[in-house]
Amino acid sequence: MQEYLTIKQLTEAVKGTITPRMVRHYHALGLLSPAVRSTSNYRLYTRSDVQRLQRIVALKQQGFQLSHIRKLLETDADASPDALMATLQRQYLSVIQQIVRLRETASALEGLLGRDISCQAVQADALAQLRLLQAETEGGLDELEQLWEGWDAGAHTHPEDFGESLQHLLPDLPDRSEIEVDLLSKLVLACGDCSLLPFVKLSATAIKSAREALKNQCQIVADVPPVFAALDGTRLAHLGTSIATLIDDPHINAAAEAEQEFWQQREWFEKLLKLEKGCILVIGYAPSVLMAVCEAIESGQLQPALVIGMPIGFSHSPVAKRRLVRSGVAYITTVGTFGGGLLAAVALNALVESLIEKPNCHCHLK
């Protein structure tokens, strides 16, 4: 006889943050099949429902939207890998198109909100004119184009004030320390994308560990020469730290080259295991380097004070970053595919600059 579960038992079997209300919502969306009803008209579930709900929760945790999860679950279980890949590619292209449209809207808003005080007189006049425009007609569109050109013409009269622009564009961060806000602001400026903010993750002890290590003149190790070149050598010399490159090959200029070089040459892994205890690692190119760092930390062969892990990549990079978060070491990373050598270097440079300018600041300890 088949054993049935109540909706409460179903959520307990799946665990996590799933609630009966969410289960009912999934029924309404068609993610869950209509449930069997008891004689008292309560929903009843089987073990196959538990497995299906676990898949939904797992996919949602990986960032899939419910509409995409439904399409994935509707794919025939016996479908070929090529058919499943085609389904995923269609969903990906649909998401990218949405991102492009939203990015265009965000760029237009940034053009309005990001104006510094020197542009505000022009801004007020332009907004007043904008309200009067009838953009639905062809003439209105021409007038709108002229308005933007007139507004842009004022940009050459003064240097841009990045600080003022960020005040309008970045959300309030009342729960972040002054040093962390400065770090995040510099990362946004390095890539010109305010949407980066929620994807930057710091461990609770990241800033404290970095400042202590830098005060102790720790070793700084970049994964490749381009990241090394982007580090603030002048300020690091002022602190008395030493700087080294792990993959010390001057011909490495791309993430793909760094990945292959580290994978093929055992000497770089052996060099990694010889790094000083309490060093700071700055990884911005090769996912395999970050993966090897995590492996060495887990085995007790490497004890860095901080790992700045922002390698480039679409497959191994997100995996390596998740492993870094679980490693127990202090870290600064970017979720998913965001990252790159410049961002990794900027993160360290921001910490170095804040230590020199505010050596006695303890705001990060609150």
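Residues numbered from 1 in each chain as written. Predicted model: local features only at pLDDT ≥ 70, side-chain atom pairs only at ≥ 80, totals over all residues. Heavy atoms only, no water.

Novice: What is the right way to read the pairing of strand β6 (residues 280–283) from this model?
Specialist: Within a regular strand, side chains alternate between the sheet's two faces. Of the two faces of β6, the one carrying I280 and V282 and the one carrying L281 and I283 are both buried. Pairing of strand β4 (residues 219–222) with β6, which is carried by three bridges, proceeds in the parallel orientation. Its bridge partner being in β6, A222 is matched across the sheet by V282. Sheet topology note: the β6/strand β7 (residues 306–309) ladder contains four bridges and is parallel. (Buried < 20%, exposed > 50% of the residue type's maximum accessible area, 1.4 Å probe, protein only. Helix = DSSP H or I, 4+ residues; strand = E, 2+ residues; numbered from the N terminus. Pairing = 2+ DSSP bridges.)

Novice: Please clarify how the packing of aromatic side chains should be interpreted in this entry.
Specialist: Each pair of aromatic rings is reported with the distance of its centres and the angle of its planes. A complete count under the given rule lists one aromatic pair for this structure. Pairing F199 with F338 gives two aromatic rings, centres 4.6 Å apart and planes at 40°, and the pair type is tilted. Taken together, the residues span a long stretch of sequence, with F199 in the loop between α9 (178–191) and β3 (200–202) and F338 in the loop between β8 (331–334) and α17 (341–357) at a distance of 139 residues. Since its relative accessible area comes to 31%, F199 is described here as partly exposed. (Phe/Tyr/Trp six-rings, centres within 6.5 Å; stacked < 30°, edge-to-face > 60°.)

Novice: Looking at this structure, how should I read the environment of V50?
Specialist: Among the secondary structure elements, V50 is positioned in helix α3 (residues 47–61). Sequence spacing of V50 and L10 is 40 residues, and the spatial spacing of their C-alpha atoms is 6.3 Å. For V50, the contacting residues outside a window of four places in its chain are L5, L10, A13 and V14. (Contact = heavy atoms within 4.5 Å.)

Novice: Hey, could you run me through the sheet that holds β3 in this one?
Specialist: Taken together, the six strands give an open sheet; going across it, the order is β3-β8-β7-β6-β4-β5, and neighbouring strands pair in mixed fashion. At either margin of the open sheet sits one strand with a lone partner, and together these are β3 and β5 (242–245). On average, each strand axis in the sheet is tilted by 15° relative to the strand beside it, whichever way the strands run. In this fold helix α10 (residues 206–215) packs onto β3, β4, β6, β7 and β8, with an angle of close to 115° to the strand it touches most, β6. (Axes fitted to C-alpha atoms, helices over the stretch in contact; angles between N-to-C directions.)

Novice: Mind showing me how you'd approach the layout of surface pockets here?
Specialist: It is the rolling of a water-molecule-sized probe over the atoms that shows where space remains empty. Approximately 1,400 Å³ is the volume found for the largest pocket. Forming the walls of the largest pocket are 31 residues, and the residues nearest its centre are Q62, G63, Y92, G336 and T337. For the lining of the largest pocket, the leading source of residues is helix α5 (residues 81–113), giving nine residues. (1 Å grid on protein atoms, 1.4 Å probe; cavity = no way out; pocket = protein on both sides within 12 Å on 5 of 7 lines; lining within 4 Å. Points joined across faces, edges and corners; volume = space filled by probe spheres on them.)

Novice: Please clarify how unusual backbone geometry should be interpreted in this entry.
Specialist: Residues other than glycine predominantly adopt negative phi, and peptide bonds predominantly adopt the trans conformation. Here the phi dihedral of N41 falls at roughly 70°; this positive angle occurs in a residue that is not glycine. One non-glycine residue with positive phi stands out, namely Q217, at about 55°. For Q217, the position within the fold is in the loop between α10 and β4.

Novice: Sorry if this is basic, but what is going on with α9 here?
Specialist: Since one α-helical turn is 3.6 residues long, residues separated by three or four positions face the same way. Its 14 residues place the ends of α9 21 Å apart at the C-alpha level, agreeing with the 20 Å of an ideal helix rising 1.5 Å per residue. Considered for burial, the residues of α9 that qualify are I179, E180, L183, L184, S185, L187 and V188. Its buried side turned inward, α9 meets α8 (162–169), β3, α10, β8 and α17. Looking one or two residues beyond α9, the residue adopting positive phi is G192, at roughly 70°. (Expected span 1.5 Å × (residues − 1).)

Novice: I would appreciate a short explanation of α3 in the present structure.
Specialist: Helix length check: α3, at 15 residues, gives a terminal C-alpha distance of 21 Å against a target of 21 Å (1.5 Å per residue), a fit within 8%. Those residues of α3 that fall on the buried side of the exposure criterion are D49, V50, L53, I56, V57 and L59. Tucked into the core, α3 has its buried residues touching α1 (7–14), α2 (20–29) and α4 (66–74).

Novice: Got a minute to help me understand the pattern of salt bridges in this structure?
Specialist: Note on pairing: side chains with opposite charge can pair once their charged atoms come close. Under the counting rule described, the total for this entry stands at eight salt bridges. For the salt bridge of R235 with D232, the shortest nitrogen-to-oxygen distance reads 2.7 Å. Among the ionic contacts, a cluster of salt bridges with common partners joins D182, K186 and E353. (Salt bridge = Lys/Arg side-chain N within 4 Å of Asp/Glu carboxyl O.)

Novice: Just to check I follow, could you spell out the pairing of β8 for this structure?
Specialist: Here β8 shows two buried faces, one formed by Y331 and T333 and the other by I332 and T334. Relative to β8, β3 is paired through three bridges, and the arrangement is antiparallel. Residue pairing across strands places K201 opposite T333, the latter belonging to β8. Taken together, the three bridges between β7 and β8 define a ladder with parallel strand orientation. Bridge pairing in β8 links I308 to I332.

Novice: What am I meant to see in the confidence of the model for the protein chain here?
Specialist: Detailed reading of the predicted coordinates is not advisable wherever pLDDT falls low. Of all residues in the protein chain, 84% have pLDDT values of 70 or greater, and the mean over the chain is 84. Contacts of residues 134–139 to residues separated by more than four positions or lying in other chains number three contacts, the stretch itself having pLDDT below 50. (pLDDT = per-residue confidence, 0-100.)

Novice: What exactly am I supposed to notice about the environment of Y26 here?
Specialist: Note that Y26 resides in helix α2. Residue Y26 is classed as buried on the basis of its relative accessible area, which comes to 3%. Separated by 44 residues in sequence, Y26 and R70 place their C-alpha atoms 9.6 Å apart. Ignoring anything within four residues of it in the chain, the contact list for Y26 reads I18, L31, L32, L53, I56, K60 and L66.

Novice: Hey, could you run me through the environment of T337 in this one?
Specialist: Mapping T337 onto the fold places it in the loop between β8 and α17. Here T337 falls in the partly exposed class, since its relative accessible area comes to 40%. Distance from T337 to G313, taken between C-alpha atoms, is 5.8 Å for residues 24 residues apart in sequence. If we ignore the near neighbours within four places in the chain, the residues touching T337 are G313, F314, P318 and K321.

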